[in-house]
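# Structural overview
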Amino acid sequence: MTVRVDLNGLLAAAVGGSGLAAEELAGLEPELARVRDELAARRAAGTLAFAELPHRFDDARRVLDDAAGVGADIDVLVVLGIGGSALGARALVSALGERPGSRRVIVADSIDPDDFGALLGQLDARRTLFNVISKSGETAETMAQFLVVRDRLLHELGAVDYKHHLVVTTDAEKGVLRQIVNDEGFRDLVVPDGVGGRFSVLTPVGLFPAAVAGIDVEELLAGAVYVDERARAAAAPLADPALALAGALFLLATRHAKPILVLMPYCTRLAATADWFCQLWAESLGKARDLAGRTVEWGQTPVRALGAADQHSQLQLYVEGPPDKVVLFARVEDHGAAVDLPTTYQDLEGVGYLGGHSLGELLNAEQRATELTLAKRGRPSATLVLPAVNAFTLGQLLYLLETATVAVGALAGIDPFGQPGVEEGKRLAYGLMGRPGFEANRAEMEAWLARKDARFIL
Ligand code: PA5
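### Describing the sheet that holds strand S4 (residues 128-134)
- Within the open sheet, the 5 strands sit side by side as S3-S2-S4-S5-S6. Their pairing is parallel. Each of the sheet's edge strands pairs with one partner strand only, and the pair in question is strand S3 (104-108) and strand S6 (187-191). Taken pair by pair, the neighbouring strands of this sheet meet at an average axis angle of 20 degrees, ignoring direction.
- As defined by bridge partners, strand S5 (residues 166-171) adjoins S6 across 5 bridges and the pair is classed as parallel. The residue bridging Asp171 from the neighbouring strand is Val191, located in S6.
- Docked against the sheet, helix H7 (residues 113-122) engages strand S2 (76-80), S3 and S4, running at close to 155 degrees with respect to S3.
- Relative to S4, helix H8 (residues 140-161) is tilted by about 155 degrees, and along the sheet it contacts S2, S3, S4 and S5.

Here is the structure:
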């Protein structure tokens, strides 16, 4: 059940001059060795918290206990969070949850009144548990959801019972949400120190919703540990799948003018994992400055596509449009649910050939066809190959992609863990909404709005 990284499709041998010569990749080996040493040193110093998460079995057991404590009266868990506090849980639940007999988990990362209002309208408060997730404990969208939900629970269930329908996941000490938990006594889970939202899928942020959905979180962690062990056992950096992937994508971005990375799973259950990855790649690697403070405006734009549907939508652009993309496929060898194609219309060659195959076979044939179509046009691709989608392989995939992201950050000399660009927007929104202390941001926003020229508002 090993997840493999197949880099063949991005080598010059497959795609010609736009691809990587094997020697070019080999030439990056010293840099990758530097990255490997740097990451190992940070782990030893305790400053690379995400990397240690798979080994925190006690935390996982606590999450399992908390999930087991969710009463039989609860049918639905609703996650209230946004960005890294939502996408990991959604990736896990979309890939592995929603099975017969499992509890429903809904990730509500929308503050669109239509969506959120409609969702609340459908739910029976008595049978719903809300998991408010915010590392900072003050993200406006999440806090707004919390206010609405708390108010509704209080009115419908009364001042004692409403608390049983809220679990808060936040920092152990900091933030307004922590203060509220301490004051009001909600059940709580802790986001470990040093782990930011987009790296938190293997903390209670992702694991609690996963466990409530009946997902085997110990297997998820075992998958991540397995990737870590493969990395440790790798004789050379290029034998470590995450580092090899990072190195290849870094070279394509920097030396082969590939500023766009398309992640294209051929598996609907992995579509949300692709969304999770897009946030990870974009928010971690899109940075104005390098570690020395120089302006670099680094990044590679991630795009999510889904096979086979996007073969009939985006693929034309990828094959014939600007040659500025590298495609990362996710391919699943065994799709599990076999849906066989009946042997019908044998006399009609345009459809009869399908009989006797399965939908999974067709999906995988489409993936191979796309890979070769791209290669024939000199468009590089790599493939993440999952033997099947289960907790062990998903744990591998998530950890491998997190590690590759951090490694690309180290190759590019940028900090993958901050998000100063996002923070700026948060401050401006606080200002507009009248949060005390953000008056200057409000003034800046008002000046921006006042400068709009009516002639260009058509
Ligand atoms: O990855 C990140 O750090 C962000 O996407 C955050 O998860 C997002 O902004 C939500 O932040 P918080 O968890 O503090 O509410």
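Having seen the model, we can carry on.
### Topic: the sheet that holds strand S1 (residues 4-6)
- Pairing is mixed in the open sheet, where 5 strands are placed in the order S1-S12-S11-S7-S10. Looking at which strands have only one partner, the edges of the open sheet turn out to be S1 and strand S10 (301-304). Across the sheet, the mean angle separating the axes of adjacent strands is 20 degrees when strand polarity is ignored.
- Packing against the sheet, helix H13 (residues 271-285) makes contact with strand S7 (260-265) and S10, and its axis sits at approximately 170 degrees to S10.
- Contacts from helix H16 (residues 359-376) reach strand S11 (325-334) and strand S12 (381-388), with the element oriented near 155 degrees to S11.

### Focus: H16
- In this model, H16 (18 residues) spans 26 Å end to end at C-alpha, consistent with the 26 Å of a helix rising 1.5 Å per residue.
- Every buried residue of H16 is listed here: Gly360, Asn364, Gln367, Thr370, Glu371, Leu374 and Ala375. Projection of H16 onto a plane perpendicular to its axis shows the buried side chains occupying an angular sector of 135 degrees, all on one side. More than 90 degrees from the buried face of H16, the exposed residues found are Leu372 and Lys376.
- Contact partners of the buried residues in H16: helix H1 (12-15), helix H14 (315-320), S11 and S12.
- Following H16 by one or two positions, Gly378 adopts a phi angle in the positive range, close to 75 degrees.

### As for the domain arrangement of the protein
- For the protein, the domain assignment lists domain 1 (4-41 + 220-412), domain 2 (50-217) and domain 3 (420-456).
- Taking only C-alpha atoms into account, the centre of domain 1 sits 30 Å from that of domain 2.
- Residue-level contacts link 26 residues of domain 1 with 26 residues of domain 2.
- Together domain 1 and domain 2 conceal approximately 2,300 Å² of surface at their shared face, both sides included; 69% is due to carbon and sulfur atoms.

### Some details on the site of the ligand
- In the neighbourhood of the ligand, 14 residues make up the surrounding shell, with Ser85, Ser134, Ser136, Thr139 and Gln279 lying closest.
- Take Gly197: an N or O atom from its main chain is 3.5 Å from an oxygen atom of the ligand.
- Look at the ligand: alone it shows 380 Å² of surface, and the protein chains cover 91% of it.
- Structurally, the ligand is housed in the largest pocket.
- Class assignment of the residues belonging to the shell around the ligand gives a composition of 1 nonpolar, 9 polar and 4 charged.

### Considerations on empty space enclosed by the protein
- In total, this model carries 3 cavities of 30 Å³ or more according to the counting rule given.
- Taken as a whole, the largest cavity spans an internal volume of roughly 50 Å³.
- Lining the largest cavity are Leu53, Arg56, Asp59, Ala60, Val63, Pro192, Leu202, Thr203, Pro204, Leu207 and Leu221.
- When contributions to the lining of the largest cavity are tallied by element, the ones reaching two or more residues are helix H5 (57-68) and helix H10 (204-212).
- Here the lining of the largest cavity is built from residues that sort into 8 nonpolar, 1 polar and 2 charged.
- Computed from the structure, the second largest cavity encloses a volume of approximately 50 Å³.
- Leu263, Pro265, Leu270, Thr273, Ala274, Ala330, Leu384, Leu397 and Leu401 together form the lining of the second largest cavity.
- Those elements that place two or more of their residues in the lining of the second largest cavity are S7, H13 and helix H17 (391-412).
- The residue makeup of the lining of the second largest cavity, split by class, is 8 nonpolar, 1 polar and no charged.

### Some words on the packing of aromatic side chains
- For the coordinates displayed, the defined rule picks out 11 aromatic pairs.
- Note on Tyr430 and Phe438: the rings are 5.0 Å apart at their centroids and 65 degrees apart in plane angle, and the pair reads as edge-to-face.
- Members of the aromatic cluster, connected to one another through ring pairs, are Phe50, Phe199, Tyr399 and Phe417.
- In this structure, Arg435 packs its charged tip against the face of Tyr430, placed 4.4 Å from the ring centre.

### Considering a nonpolar patch on the surface
- Together, Leu432, Met433, Trp448 and Leu449 give the surface a local cluster of nonpolar side chains, amounting to about 470 Å² of exposed area.
- Structurally, the position occupied by Met433 is in the loop between helix H18 (420-432) and helix H19 (439-450).
- For Met433, a relative accessible area of 75% corresponds to the exposed category.

### Description of the nonpolar core
- Core analysis: the biggest nonpolar cluster contains 99 residues, and Leu10, Phe208, Leu245, Leu270, Trp276 and Leu394 have the highest contact counts within it.
- Broken down by element, this core gets its largest block of residues, 14 residues, from H17.
- Two domains each provide a minimum of three residues to this core, namely domain 1 (4-41 + 220-412) and domain 2 (50-217).
- Aside from chain neighbours lying at most four places away, what touches Leu10 is Val15, Gly19, Leu20, Ala248, Leu252, Val326, Pro380, Ser381 and Ala382.

### Some points on the side chain of Thr142
- Mapping Thr142 onto the fold places it in helix H8.
- Thr142 sits in the buried class, given a relative accessible area of 1%.
- Residues in contact with Thr142, not counting those within four places in the same chain, are Leu80, Gly81, Ile82, Val132, Ile133 and Ser134.

So, how was this worked out
Residues numbered from 1 in each chain as written. Predicted model: local features only at pLDDT ≥ 70, side-chain atom pairs only at ≥ 80, totals over all residues. Heavy atoms only, no water. Pairing = 2+ DSSP bridges. Helix = DSSP H or I, 4+ residues; strand = E, 2+ residues; numbered from the N terminus. Axes fitted to C-alpha atoms, helices over the stretch in contact; angles between N-to-C directions. Contact = heavy atoms within 4.5 Å. Expected span 1.5 Å × (residues − 1). Buried < 20%, exposed > 50% of the residue type's maximum accessible area, 1.4 Å probe, protein only. Arc of directions from axis to C-beta. Domains from an automatic or database assignment. Buried area = accessible area lost by both parts, 1.4 Å probe. Near = heavy atom within 4 Å. Polar contact = N/O pair within 3.5 Å; in protein donor to acceptor, adjacent residues only side chain to side chain. Areas by Shrake-Rupley, 256 points an atom, 1.4 Å probe, with all protein chains shown as cover. 1 Å grid on protein atoms, 1.4 Å probe; cavity = no way out; pocket = protein on both sides within 12 Å on 5 of 7 lines; lining within 4 Å. Sits in = over half its atoms within 2 Å of the grid points. Nonpolar A, V, L, I, M, F, W, Y, C, P; charged D, E, K, R; others polar. Points joined across faces, edges and corners; volume = space filled by probe spheres on them. Phe/Tyr/Trp six-rings, centres within 6.5 Å; stacked < 30°, edge-to-face > 60°. Lys NZ or Arg CZ within 6 Å of the ring centre and 35° of its normal. Patch = residues over 30% accessible without salt bridge, like charges linked within 9 Å, V, L, I, M, F, W, Y side chains within 5 Å. Salt bridge = Lys/Arg side-chain N within 4 Å of Asp/Glu carboxyl O. Core = buried A, V, L, I, M, F, W, Y, C linked by side-chain atoms within 4.5 Å.

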